[in-house]
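Single-letter residue listing:
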Amino acid sequence: MRDVYVIGTGLIPFGKYPEKTLADIGWPAAKEAIVESAVKPKSIDAVYCGTAHGGMLAGQRIMKTLGLTGMSIVNVENACSSSSSALAEAWTAVASGRHDTALIIGVEKLTKFGGGTLPLEREDWEVNQGMVMPALYAMRARRYMHEYGLTARQLAEVSVKAHAHGALNPNAQIRKRVSVEEVMSARPVAEPLTLWHCCPTGDGAAAVLIASADIARQQKTNPVRIAASEVTSGLYTNGYRDMTWAELTARGAREAYNMAGIGPEDVDVAEIHDAFTIAELMYYEAFGFCDRGHAYELLSSGATSLGGDICVNPSGGLLSRGHPVGATGAAQAVEIVRQLKGCAGAHQVEGAKIGVSHATGGGIAGLDHGVCSIHIFVR
Amino acid sequence: MVRAASGDVSRAAVQAWLLLRDAGVDRRKIMRDVFDEDGKIRSRLSMTTVQTPIEKESLPMTETNTLVSNQAAANADVRFITPDLVALDATGAPHLIGGRCRNCQALSFPRAAVCAGCLSEEIETVPLACEGTLYSYSVVHQAPKGWIVPYALGYIDLADNVRVLAHIDVAQEKIAIDMPLHLAVGVVGADSSGAPLSSYTFTTA
């Protein structure tokens, strides 16, 4: 397998665009990545478009707006890991030599649902009993609090950090700081999670262009290399499962670290799947940034905030940057690449050399999550 | 006589079943279409299909045929949102309908068509344990249309090691992780016309 590099990134400000179509919000991100790479647009070998609710032929609808079709275009659905999975597919295509360049797009318009909890798969028996994603995470939180003594106040601090970072990110959907009191007194969604414990619904699009070493060599500045690319799915059980341990992410992280030849202590910056506050804490443990039950200590030490050793979600994460489901994976990749290139702006992590992006797609009965996709980037 | 206020037919129907049980009425005739000679579930009929009326002669006679009226109420639909998952036994108590693989004995809920442990398709239909412990829960305030919010949702670890998601029918301030619970039936929502929908629930003794 050949080395694969990122040569272009693109992102639109995440927010609500109810009047726009999917293609309307997708093409600007795609074009930005293509222009940044300076490759001839018509030379792009393949497009992989990740979207969960975008409907048929989302990639084609975006690319025809730019007058760029004819190459292989494949659309990828993997719930919240859609564009991370699209990146993994594209990476495999370029690493194997099948293609020399590939454009990855992540795009989603959740405003088409009009608000409220996202519709889950109607065929899922737990959904038919009233399961909603906030409830699933709330039950994880409740059990974690029961086993490790985490308090609601401590959990709220995850949201405070996320929004403090997001306030520095002009592309974030929410750019407002919140206090612990505001988080705790907001309206309950699924106890103990209040509104500020949950990522907002919205729209967004992001894109990365990846290429082989030969093409990447022509870039003006050193391109970032993708050192690991992986996709795993949750293990099914209908019996006891430890809901305080993110088994899927733990397995995925091990695979990714092995592939990149690094360990958790080497990571400088990470964009991980903080769809709900408890998720961030559980993922610190699954990634090996700290021991089980000690995630809050890591958070409160400042290690995962800007200025700390392992900055988690400098963009504001899903909680603050937003979580238009299919767009998130690509947006995380864009963020990490820009961090490693030193052009992240006000929320720059100084001296970042190794970065991780992580997205999990849920939820279906019997699995920790449906899918987890992790990428490791190095400068 | 169980009065059914408008919109509350299913609650009344459940009460009627319980009254019949407490009155010692032999309801085996009702159940003959559902259970075979060994008491095993013959087929996965929902409560809505158990329509066989009790012959009047088998009932304790009353002046006003109130028990027949109750039976009529009981035959009225207790509409389960997922009728394949729960049934009533000969005494009217609810059971979760699970599966057990003939090859490897693995239990499944809902009853699997193919065993997730060994791929066998030889799956018996079996009732699952009615008792369990609460693994975790959440009181849900925001949900799709049709649910009565807020509702308490929880994962219950049954005595036979299957984990079940269910509505918890316990006062919110009394719900606690690791509490023992047992299976019941309750109204949890309404369909688009406002008619009540029931499901299996878990509650305290």
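Residues numbered from 1 in each chain as written. Chains lettered and ligands numbered in written order. Predicted model: local features only at pLDDT ≥ 70, side-chain atom pairs only at ≥ 80, totals over all residues. Heavy atoms only, no water.

Caption draft 1: Fine view of the overall build of chain A. Counting secondary structure elements, chain A contains 13 helices and 12 strands. With the C-alpha coordinates of chain A rotated into their principal frame, the extents come out at 55 × 40 × 40 Å. Taken over 379 residues, chain A has a buried fraction of 64%. Relative to all contacts within chain A whose residues are 6 or more apart in sequence, the contacts with residues 24 or more apart total 77%. On chain A, roughly 13,500 Å² of surface is accessible, and the fraction owed to carbon and sulfur atoms is 51%. (Helix = DSSP H or I, 4+ residues; strand = E, 2+ residues; numbered from the N terminus. Buried < 20%, exposed > 50% of the residue type's maximum accessible area, 1.4 Å probe, protein only. Contact = heavy atoms within 4.5 Å. Areas by Shrake-Rupley, 256 points an atom, 1.4 Å probe, with all protein chains shown as cover.)

Caption draft 2: Structural detail: the packing of aromatic side chains. Scanning all chains against the criterion turns up 8 aromatic pairs over all chains. Centroid distance Tyr240 of chain A to Tyr135 of chain B: 5.7 Å. Interplanar angle 85°. Geometry classified as edge-to-face. Linking Tyr240 of chain A in the loop between β8 (224-233) and α9 (247-260) with Tyr135 of chain B in strand β5 (residues 131-140), this pair reaches from one chain into another. Its relative accessible area of 2% is what places Tyr135 of chain B among the buried residues. On the numbers, 6.0 Å between centres and 85° between planes, the contact of Phe109 of chain B with Tyr200 of chain B is edge-to-face. (Phe/Tyr/Trp six-rings, centres within 6.5 Å; stacked < 30°, edge-to-face > 60°.)

Caption draft 3: Here's a closer look at the sheet that holds strand β12 (residues 371-378) of chain A. Residues and elements named next belong to chain A. Spatial ordering of the open sheet is given by β3-β2-β4-β7-β1-β8-β12-β11-β9-β10, a layout of 10 strands whose pairing is mixed. On the outer flanks of this sheet lie β3 (72-76) and β10 (311-312), each paired with one strand and no other. Across 2 bridges, the pairing between strand β9 (residues 269-271) and β10 is parallel. By the bridge assignment for β10, Val269 is matched with Cys311. (Pairing = 2+ DSSP bridges.)

Caption draft 4: Expanded view of the confidence of the model for chain B. Residue and element names in this part refer to chain B. Of all residues in chain B, 62% attain a pLDDT of 70 or more, and the chain-wide mean is 73. At the level of individual helices and strands, chain B shows its lowest average pLDDT in helix α3 (residues 66-75), which scores 33, and its highest in β5, which scores 98. Low pLDDT, under 50, characterises residues 1-14; the predicted model gives this stretch 24 contacts beyond four residues in sequence or across chains. When the criterion is pLDDT under 50, residues 26-35 qualifies, and its contacts beyond four places in sequence or with other chains add up to 35 contacts. Two summary scores accompany this predicted model of the complex, namely pTM at 0.86 and ipTM at 0.94. (pLDDT = per-residue confidence, 0-100.)

Caption draft 5: How the structure looks around empty space enclosed by the protein. In this structure the tally under the stated criterion is 4 cavities of 30 Å³ or more. Roughly 100 Å³ of volume is contained in the largest cavity. Around the largest cavity, the lining residues are Trp125, Glu126, Tyr236, Thr237, Asn238, Gly239, Arg241, Ala365 and Gly366 of chain A together with Phe109, Tyr155 and Arg163 of chain B. Class assignment of the residues belonging to the lining of the largest cavity gives a composition of 5 nonpolar, 4 polar and 3 charged. Counted as a void, the second largest cavity has a volume near 80 Å³. Within the residue set of the lining of the second largest cavity, elements represented by two or more residues are α4 (125-128) and α5 (133-148) of chain A. (1 Å grid on protein atoms, 1.4 Å probe; cavity = no way out; pocket = protein on both sides within 12 Å on 5 of 7 lines; lining within 4 Å. Points joined across faces, edges and corners; volume = space filled by probe spheres on them. Nonpolar A, V, L, I, M, F, W, Y, C, P; charged D, E, K, R; others polar.)

Caption draft 6: The side chain of Ser315 of chain A, seen in detail. Residues and elements named next belong to chain A. Along the polypeptide, Ser315 turns up in the loop between β10 and α12 (317-320). Only 2.7 Å separates the side chain of Ser315 from the side chain of Glu271, close enough to count as a polar contact. A distance of 3.1 Å separates a polar side-chain atom of Ser315 from the backbone nitrogen of Gly317. The contact partners of Ser315, leaving out residues within four places of it in the chain, are Gly166, Asn169, Ala172, Glu271, Arg321, Glu335 and His347. (Polar contact = N/O pair within 3.5 Å; in protein donor to acceptor, adjacent residues only side chain to side chain.)

Caption draft 7: Examining the state of the cysteines more closely. For the structure shown, the criterion picks out 0 disulfides over all chains. With no disulfide partner, Cys198 of chain A has as its closest neighbouring cysteine sulfur the one in Cys199 of chain A, 7.1 Å distant. By relative accessible area, which is 12% here, Cys198 of chain A ends up buried. Free of any disulfide, Cys115 of chain B has its nearest cysteine sulfur in Cys104 of chain B, 3.6 Å distant. (Disulfide = S-S within 2.5 Å.)

Caption draft 8: Spatial organisation of the layout of surface pockets. Residue and element names in this part refer to chain A. Its volume calculated, the largest pocket comes out at about 890 Å³. Contributing to the lining of the largest pocket are 39 residues, with Thr117, Leu118, Leu120, Met133 and Val325 lying nearest its centre. Ranked by residue count, the leading element in the lining of the largest pocket is α5, at 3 residues. Looking at the lining of the largest pocket residue by residue, the class counts come to 22 nonpolar, 13 polar and 4 charged.

Caption draft 9: Seen up close, the interface of chain A and chain B. On the chain B side, the residues contacting the 31 residues of chain A number 36 residues. A per-residue breakdown of the area chain A buries against chain B is headed by Trp125, Gln129 and Asn238 of chain A, which together make up 27% of the total. Summed over the shared surface of chain A and chain B, the result is 1 salt bridge. The closest approach of N and O atoms between Arg143 of chain A and Asp178 of chain B, which form a salt bridge, is 3.6 Å. The tally of links from chain A across to chain B stands at 19 residue pairs in polar contact (both at pLDDT 80 or more). Here the side of chain A that touches chain B takes 8 residues from α5 of chain A, the largest share from any one element. Along the lines of polarity and charge, the residues of the side of chain A that touches chain B split into 14 nonpolar, 9 polar and 8 charged. (Buried area = accessible area lost by both parts, 1.4 Å probe. Salt bridge = Lys/Arg side-chain N within 4 Å of Asp/Glu carboxyl O.)

Caption draft 10: Geometry of the nonpolar core. Core analysis: the largest hydrophobic core is formed by 98 residues, its most contacted members being Tyr284, Phe289 and Ile376 of chain A together with Tyr200 and Phe202 of chain B. Once residues lying within four places of it in the same chain are set aside, the contact partners of Tyr284 of chain A are Lys161, Ile272, Phe289, Cys290, Ala295, Leu298, Leu299, Thr304 and Val312 of chain A. One finds Ala93, Ala95, Val269 and Ala333 of chain A within the second-largest nonpolar core, a separate group that totals 34 residues. (Core = buried A, V, L, I, M, F, W, Y, C linked by side-chain atoms within 4.5 Å.)

Caption draft 11: View of helix α1 (residues 22-37) of chain A. Residue and element names in this part refer to chain A. Between its first and last C-alpha atoms α1 spans 23 Å; for 16 residues at 1.5 Å apiece the expected length is 22 Å, and the two agree. Buried within α1 are the following residues: Leu22, Ala23, Ile25, Gly26, Ala29, Ala30, Ala33, Ile34 and Ser37. Angular distribution of buried residues about the axis of α1 spans 165°; they occupy a single face of the element. On the buried face of α1, the contacting elements are β1 (4-11), α2 (58-65), β4 (101-109) and β7 (203-212). Backbone geometry just after α1 places Ala38 at a positive phi near 65°. (Expected span 1.5 Å × (residues − 1). Arc of directions from axis to C-beta.)

Caption draft 12: Highlighting the packing of helix α6 (residues 152-166) of chain A against helix α10 (residues 277-286) of chain A. Residues and elements named next belong to chain A. It is the contact of α6 with α10, at a shortest axis distance of 8 Å, that shows an interaxial angle of 95°. One finds that α6 runs roughly perpendicular with respect to α10. On α10, the residues touching Leu155, Val158, Ser159 and Lys161 of α6 are Thr277, Ile278, Glu280, Leu281 and Tyr284. Looking at the contact of α6 with α10 residue by residue, the class counts come to 5 nonpolar, 2 polar and 2 charged. (Axes fitted to C-alpha atoms, helices over the stretch in contact; angles between N-to-C directions. Parallel < 35°, antiparallel > 145°, perpendicular 65-115°, else oblique.)

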